[in-house]
Amino acid sequence: MRGLWTTDRVRAAEERVLARVPAGSLMRRAAFGVAVAAVDLLDGRRRVGLLVGAGNNGGDALWAGYYLLRRGIAVSAVLLDPARAHAEGLAAFRRAGGRVVDRLRDVDLVVDGIVGLSGRGPLRPAAAEHVAHLDAPVLAVDSPSGVDPDTGAVDGPAVRADVTVTFGCLKPVHALADCGEVRLVDLGLEPELGGPDLVELDLADVGAAWPVPGRDDDKYTQGVTGVAAGSATYPGAAVLATGSALLATSGMVRYAGAAAEGVRAQWPEAICTGSITDAGRVQSWVVGPGLGTGLGAEDVLRTVLEAGVPVCADADAITMLANNPDLWDARDPDTPVVLTPHDREFERLAGEVGPDRVAAARRAAGKFDAVVLLKGHATVVAAPDGRVLVNRARTSWAATAGSGDVLSGLIGSLLAAGLDPLLAAGCAARVHVLAAELAADGAPIPASALLSAVPDAIRAARREAS
Ligand SMILES: NC(=O)C1=CN([C@@H]2O[C@H](COP(=O)(O)OP(=O)(O)OC[C@H]3O[C@@H](n4cnc5c(N)ncnc54)[C@H](O)[C@@H]3O)[C@@H](O)[C@H]2O)[C@@H](O)CC1
Ligand SMILES: [K+]
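Source: prediction; values computed, not measured.

1. Some points on the overall build of the protein
What the protein contains, in helices and strands, is 18 helices and 18 strands. For the protein, whose C-alpha radius of gyration is 25 Å, the value lies close to the compact-globule estimate of 23 Å for 466 residues. Based on the C-alpha atoms only, the size of the protein along its principal axes is roughly 80 × 40 × 40 Å. Sequence-distant contacts, at least 24 apart, represent 71% of the contacts inside the protein between residues at least 6 apart.

Here you go:
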């Protein structure tokens, strides 16, 4: 489990540490970490260029340049705002023989010290101009410039980092945006940080939380998942959601709906019925994928919300809740609900997502008293109590039709097994992207292939945990 702290929390912690350590020592420690990583990346090559902004991020870059010069590496620096460049860092850099230049030429590595914790909005034109002409690998200091450190949002040109060296703790950008490989330099901040603002689950956490049958379990005790999905027009969604619920845990899955025949043909082990009213008892419901939004579908959604068991509401269920908020009245206030919108569904339900996806998911979670899983390259899962899990996909292979149906089945099965809804959604998201990665192995895949890789992904997670 990796914690991530927002920049205001980091600053507050840094201030407390700075009050008891010699001036400049944190920056030098940070810069030394940058220099060590740079030497690593250079792999014997010898020319480094620094892009130096107006603040301490630029100061880190200049001090890193100083340490690199002392190792015999040639370092040149572009000062984006010479009058405001970090004075001590610049003096040390010059002292060690560093050259100030107008443009970086023929370098083997660029150190991006344009802006860090204080970076807001699009890169200023001068910085953007240099970033547009980068043609060497980039080591970003703290965070890639042009990417908002708290939200991961990019508004205009931004540095594309091969490696990011950050200090003290991880910040939201490191889970929400592409920072290349992230390395952390210890500054002794931990005791001052308090609980994290966001959490990224490790595969080992997922493996440890994943339900597996115990010695005394039978098919009922592990939780029965109900799937109310699919229609005559979209039977595939029912097949995928039921299949993923079946593969995720070894209990039982009941399917209720118009695609019963197709589901039974594909999954003989599912208990199928044509109508939600005679589905039998379940410990969770997955509702929505391919269900449609007509009156019949609304009745299904109402029945599910009234059932008093945790619900994963996806796709058409979200659209129905957005179009007809009265449907929420069917829900017992104690019933946990997980909503799994993509951006357009989110917009219908709770307004524009905007650049701060974490804030948007938190807002919607509070508004609906539900766990909200906002899909994206970085999936954000927010609980009504403010807890947030982030899961960044390393690839985009899961962006395929039917992929969401698989995710909803995974969440439903974990809810049926009794997992905390936030953890259920977070674990499902992690296994989902891993299954996509394993199935794709470098080539596009349909959702049914992603589904087939779910057991491998669960195995990999459980291996990590053992
Ligand atoms: N506070 C500390 O104790 C430590 C801070 N460290 C470094 O200090 C950094 C934070 O330093 P600062 O607070 O001085 O601020 P930054 O260096 O992040 O930003 C400096 C200035 O850049 C300008 N700027 C803001 N947005 C911009 C944009 N979009 N395009 C171009 N310029 C922009 C602003 O004038 C801002 O004041 C951290 O990211 C880290 O690299 C490290 O040295 C470790 C210790
Ligand atoms: K930077």
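2. Considerations on the site of ligand 1
Of all residues adjacent to ligand 1, which total 27 residues, the nearest are Gly55, Asn56, Asn57, Gly116 and Ser118. Put simply, the parts of the chain that give the shell around ligand 1 at least two residues each are α1 (7-18), α2 (25-42) and α3 (56-70). Top contributing element to the shell around ligand 1 by residue count: α3, with four residues. Split by residue class, the shell around ligand 1 holds 13 nonpolar, nine polar and five charged.

3. Digging into the UniProt feature "binding site: AMP" (unreviewed entry) in the protein
The residues that UniProt annotates with the feature "binding site: AMP" (unreviewed entry) are Lys375, Gly376, His377, Ala378, Thr379 and Gly404. Structurally, the position occupied by glycine 376 is in the loop between β16 (371-374) and β17 (378-382). With 19 C-beta atoms counted inside 10 Å, the residue glycine 376 sits in the partly exposed group. Its location among the elements puts histidine 377 in the loop between β16 and β17. When sequence neighbours within four positions are dropped, the list of residues in contact with histidine 377 reads Arg392, Ala393 and Ser396.

4. Focus: the domain arrangement of the protein
For the protein, the assigned domains are domain 1 (2-199) and domain 2 (203-465). The straight-line distance from the C-alpha centre of domain 1 to that of domain 2 is 40 Å. At the interface, eight residues of domain 1 touch nine residues of domain 2. Within the residue set of the side of domain 1 that touches domain 2, elements represented by two or more residues are α6 (173-176) and β9 (198-200).

What counts, and where the lines are drawn
Residues numbered from 1 in each chain as written. Chains lettered and ligands numbered in written order. Predicted model: local features only at pLDDT ≥ 70, side-chain atom pairs only at ≥ 80, totals over all residues. Helix = DSSP H or I, 4+ residues; strand = E, 2+ residues; numbered from the N terminus. Rg over C-alpha atoms; globule rule 2.2 N^0.38 Å. Contact = placed C-beta atoms within 7 Å. Near = placed C-beta within 6 Å. Nonpolar A, V, L, I, M, F, W, Y, C, P; charged D, E, K, R; others polar. UniProt positions renumbered as here; feature names shortened; annotations may be inferred. Buried ≥ 20, exposed ≤ 12 C-beta atoms within 10 Å, placed from the backbone. Domains from an automatic or database assignment.

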